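# Descriptive analysis of the structure
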Amino acid sequence: MSFLPDGWLASSSELAGKTILVTGANRGIGEAVAISCARHGAEVLLLGRDEAALARVYDQIVDLGCATPGMIPLDLTARDPSLYDTLADELSGANVVLDGLVHNASVLGERRALAQTSPSSWDEVLQVNMTAVFLLTRALMPLLEAAPAASVVLTSSGVGRRGKAYWGAYAVSKFATEGYMQVLADELGATSSVRVNSLNPGAVNTGMRRAAYPGEPPETNPTPDTLTDRWLYLLSDASRELHGRALSAQS
Ligand SMILES: NC(=O)c1ccc[n+]([C@@H]2O[C@H](COP(=O)([O-])OP(=O)(O)OC[C@H]3O[C@@H](n4cnc5c(N)ncnc54)[C@H](OP(=O)(O)O)[C@@H]3O)[C@@H](O)[C@H]2O)c1
């Protein structure tokens, strides 16, 4: 059963006054979520490693007449914590208060048995899908705590809740995401203004899904823009009571 309350529909000003950072905002689910947040009144900060692709999303948002987004070029393979701290300092220096943080960027890595997985691919997947989440959240926590009721959304996967052969480092990184969510939620407890949940998008027609299932007709799965109300709800004040939950977008 969906966590969305029956009949819940985001109003056009659902996220008005909120600033929301979305990682991997240049394509796929991240692009759709960023555009939808902007359409519903948020100022969005688009984080990604491909500046030209980020600029394309920036232009779409501006053309829609939404609040001018921010662009944050950052490659999440970066291991140096000071890069994340510098980003937080720059945002803080610009008086940014973060109402939402959507950890969406991920890589699939090698789809093969663990025994055949290269250490370099394992390392990249764990870095982008998990360690960067830790580094970014750690750096941005003061900005989240400065908001009245910030929401952190971690992106999980079905294989992060039940392991499956040949999903290797990706599945392990998503299990780690769930563990991270539980630990952080417990630490934030009921007293912090920040809440955190994980969301499994389910099968969505994106580049990642097409790469993972090359034989599957892409139109079998919904497009990202048809599911964005789940993210809008989690980022809106309507979901204030949801904290520490492992949620699914399509069940
Ligand atoms: N699609 C599905 O069926 C499905 C199912 C379950 C879970 N998910 C999860 O949903 C999220 C979005 O997936 P998607 O399907 O939209 O995937 P996607 O189309 O492959 O997009 C992935 C995004 O992550 C970004 N990214 C990857 N490596 C990065 C790095 N080193 N630094 C910065 N950004 C980086 C990509 O940017 P570049 O363009 O620069 O590569 C892209 O914007 C992921 O967390 C994924 O695990 C998806």
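Use the structure listed above.
In this report, the structure presented in the accompanying data block is examined.

What counts, and where the lines are drawn
Residues numbered from 1 in each chain as written. Predicted model: local features only at pLDDT ≥ 70, side-chain atom pairs only at ≥ 80, totals over all residues. Heavy atoms only, no water. Helix = DSSP H or I, 4+ residues; strand = E, 2+ residues; numbered from the N terminus. Rg over C-alpha atoms; globule rule 2.2 N^0.38 Å. Buried < 20%, exposed > 50% of the residue type's maximum accessible area, 1.4 Å probe, protein only. Areas by Shrake-Rupley, 256 points an atom, 1.4 Å probe, with all protein chains shown as cover. Lys, Arg positive; Asp, Glu negative; His and termini not counted. Charge placed at Lys NZ, Arg CZ, Asp CG, Glu CD. Near = heavy atom within 4 Å. Polar contact = N/O pair within 3.5 Å; in protein donor to acceptor, adjacent residues only side chain to side chain. 1 Å grid on protein atoms, 1.4 Å probe; cavity = no way out; pocket = protein on both sides within 12 Å on 5 of 7 lines; lining within 4 Å. Sits in = over half its atoms within 2 Å of the grid points. Phe/Tyr/Trp six-rings, centres within 6.5 Å; stacked < 30°, edge-to-face > 60°. Lys NZ or Arg CZ within 6 Å of the ring centre and 35° of its normal. Pairing = 2+ DSSP bridges. Axes fitted to C-alpha atoms, helices over the stretch in contact; angles between N-to-C directions. Points joined across faces, edges and corners; volume = space filled by probe spheres on them. Nonpolar A, V, L, I, M, F, W, Y, C, P; charged D, E, K, R; others polar. Salt bridge = Lys/Arg side-chain N within 4 Å of Asp/Glu carboxyl O.

## Thoughts on the overall build of the protein chain
- Along the backbone of the protein chain there are seven helices and seven strands.
- Along the protein chain, helices and strands appear, N-terminal first, in the series β-α-β-α-β-α-β-α-β-α-β-α-α-β.
- Taking 251 residues into account, the globule formula puts the C-alpha radius of gyration at 18 Å, and the protein chain, at 17 Å, falls close to it.
- Along the first, second and third principal axes, the C-alpha atoms of the protein chain reach 50 × 40 × 40 Å.
- Looking at the protein chain as a whole, 52% of its 251 residues qualify as buried.
- Accessible surface for the protein chain amounts to roughly 11,200 Å². Of this, 52% is attributable to carbon and sulfur atoms.
- Of the charged side chains in the protein chain, 19 are positive and 27 negative, and the gap between their average positions amounts to 8 Å.

## What to know about the site of the ligand
- Close to the ligand lie 30 residues, the nearest being Asn26, Arg27, Asn104, Tyr170 and Thr206.
- A distance of 2.8 Å separates an oxygen atom of the ligand from a polar atom in the backbone of Ile29.
- Between Asp75 and the ligand, the recorded distance is 2.9 Å, taken from a side-chain N or O atom to a nitrogen atom.
- With the chains in place, 95% of the 890 Å² that the ligand exposes on its own is no longer accessible.
- Here the ligand occupies the largest pocket.
- Sorting the residues of the shell around the ligand by element identifies helix H1 (28–39), helix H5 (168–188) and helix H6 (207–212) as the ones contributing at least two each.
- Counting residues per element, the shell around the ligand draws most heavily on H6, at three residues.

## Concerning the packing of aromatic side chains
- Enumeration according to the criterion identifies four aromatic pairs in this entry.
- An angle of 45° between the planes, with centres 6.0 Å apart, marks the rings of Trp167 and Tyr213 as tilted. With Trp167 in the loop between strand E5 (151–155) and H5 and Tyr213 in the loop between H6 and helix H7 (228–235), this residue pair connects regions lying 46 residues apart in the sequence.
- Put simply, the rings of Phe3, Trp8 and Tyr233 touch in pairs and so form one group of aromatic residues.
- The ring of Trp167 has Arg111 lying over it, and the distance from NZ or CZ to the ring centre is 3.9 Å.

## Let's talk about the sheet that holds strand E2 (residues 43–48)
- In spatial order, the strands read E3-E2-E1-E4-E5-E6-E7; together these seven strands make up an open sheet with parallel pairing. Of all the strands in the sheet, just strand E3 (70–73) and strand E7 (246–248) have a single pairing partner and so form its edges. Ignoring strand direction, the axes of neighbouring strands in this sheet form an average angle of 20°.
- Bridge count for E5 against strand E6 (residues 195–200) is five bridges, and the pairing is parallel.

## Notes on the layout of surface pockets
- Empty space within the largest pocket amounts to approximately 880 Å³.
- Along its surface, the largest pocket is lined by 41 residues, and Asn104, Ser106, Tyr170, Thr206 and Met208 are the ones closest to its centre.
- Counting residues per element, the ones that place at least two in the lining of the largest pocket are H1, E2, H5 and H6.
- Split by residue class, the lining of the largest pocket holds 17 nonpolar, 16 polar and eight charged.
- In this structure, the second largest pocket spans a volume of roughly 190 Å³.

## Concerning the pattern of salt bridges
- A full pass over the atoms with the stated rule returns eight salt bridges.
- A salt bridge links Asp123 to Arg79; the shortest N-O distance between them is 2.7 Å. With Asp123 in helix H4 (residues 119–145) and Arg79 in the loop between E3 and helix H3 (81–93), this residue pair connects regions lying 44 residues apart in the sequence.

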